[in-house]
Amino acid sequence: MFAIGNIILGIAKVLGIVLNIYMWTIIIRALLSWVSPDPYNPIVQVLTRVTEPVLRPLRKLVPPFRTGGVDLSPLIAILIIYFLEIAVVDTLVRFGHSLR
């Protein structure tokens, strides 16, 4: 059971890192949207391709405000990521420790 516990701990750690990187990617994209970057910039295109599959459905649920065009979808996505870190990653870590 020791090996299975270590595998689960490894999966939890990698999942936590991936969620953290994705959260920072969303934050960077949101900050870039404030300065109207060149849409043909390769970095902007990568950020858009990576984050749009998550942000687009959230925009359908909560469309941007008409006054000011404030988009809350990045904030909602970050809250979902935090929830996943608590609900999934922490649970996997505790389960992995219990098997050790």
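Residues numbered from 1 in each chain as written. Predicted model: local features only at pLDDT ≥ 70, side-chain atom pairs only at ≥ 80, totals over all residues. Heavy atoms only, no water.

Trainee: Would you explain the side chain of R29 in this entry?
Mentor: Note on placement: R29 falls in helix α1 (residues 2–33). For R29, the side chain forms a polar contact with the side chain of E52, separated by 2.9 Å. With near-sequence residues (within four places) excluded, R29 lies in contact with L47, T48, T51, E52, L55 and R59. (Helix = DSSP H or I, 4+ residues; strand = E, 2+ residues; numbered from the N terminus. Polar contact = N/O pair within 3.5 Å; in protein donor to acceptor, adjacent residues only side chain to side chain. Contact = heavy atoms within 4.5 Å.)

Trainee: Is there a simple way to think about a nonpolar patch on the surface in this case?
Mentor: A surface patch of nonpolar side chains, amounting to about 390 Å² of accessible area, comprises L15, I80, F83, L84 and V88. One can find L15 in helix α1. (Patch = residues over 30% accessible without salt bridge, like charges linked within 9 Å, V, L, I, M, F, W, Y side chains within 5 Å. Areas by Shrake-Rupley, 256 points an atom, 1.4 Å probe, with all protein chains shown as cover. Salt bridge = Lys/Arg side-chain N within 4 Å of Asp/Glu carboxyl O.)

Trainee: Explain helix α3 (residues 73–98) here, please?
Mentor: The α-helix winds at 3.6 residues per turn, so residues separated by three or four positions along the chain end up facing the same way. In this model, α3 (26 residues) spans 37 Å end to end at C-alpha, consistent with the 38 Å of a helix rising 1.5 Å per residue. At E85, α3 shows its largest bend, some 30°. Where α3 is concerned, the buried positions are S73, P74, A77, I78, I81, E85, V89 and G96. On its buried face, α3 is in contact with α1 and α2 (42–61). (Expected span 1.5 Å × (residues − 1). Bend = angle between axes of the 7 residues up to and from the residue. Buried < 20%, exposed > 50% of the residue type's maximum accessible area, 1.4 Å probe, protein only.)

Trainee: Sorry, what's going on with the pattern of salt bridges here?
Mentor: Two side chains that carry opposite charge are able to pair once their charged atoms sit near each other. Applying the stated criterion across every chain yields a total of 4 salt bridges. Each of R29, E52, R56, R59 and D71 takes part in salt bridges that share partners, so that together they form one network.

Trainee: Sorry, what's going on with the nonpolar core here?
Mentor: General note: in soluble globular proteins, nonpolar side chains tend to be found buried as a group. Grouped together as the largest cluster of nonpolar side chains are 11 residues: A12, L19, Y22, M23, I26, L55, L58, A77, I78, I81 and V89. Leave out the neighbours within four places in its chain, and M23 touches I78, I81 and Y82. (Core = buried A, V, L, I, M, F, W, Y, C linked by side-chain atoms within 4.5 Å.)

Trainee: Help me out: how do you make sense of α1 in this one?
Mentor: Over its 32 residues, α1 extends 47 Å from the first C-alpha to the last, a length consistent with the 46 Å expected when each residue adds 1.5 Å. Those residues of α1 that sit buried are G5, I8, L9, A12, G16, L19, Y22, M23, T25, I26 and R29. Here the buried face of α1 lies against α2 and α3.

Trainee: Looking at this structure, I do not really get the packing of α1 against α2. What am I missing?
Mentor: Here α1 crosses α2 at 95°, and the two axes come no closer than 10 Å. The orientation of α1 relative to α2 falls into the category roughly perpendicular. Along its contact with α1, which presents Y22, T25, I26, I28, R29 and L32, the element α2 presents V44, L47, T48, V50, T51, E52, V54, L55 and R59. Partitioning the contact of α1 with α2 into residue classes produces 9 nonpolar, 3 polar and 3 charged. (Axes fitted to C-alpha atoms, helices over the stretch in contact; angles between N-to-C directions. Parallel < 35°, antiparallel > 145°, perpendicular 65-115°, else oblique. Nonpolar A, V, L, I, M, F, W, Y, C, P; charged D, E, K, R; others polar.)

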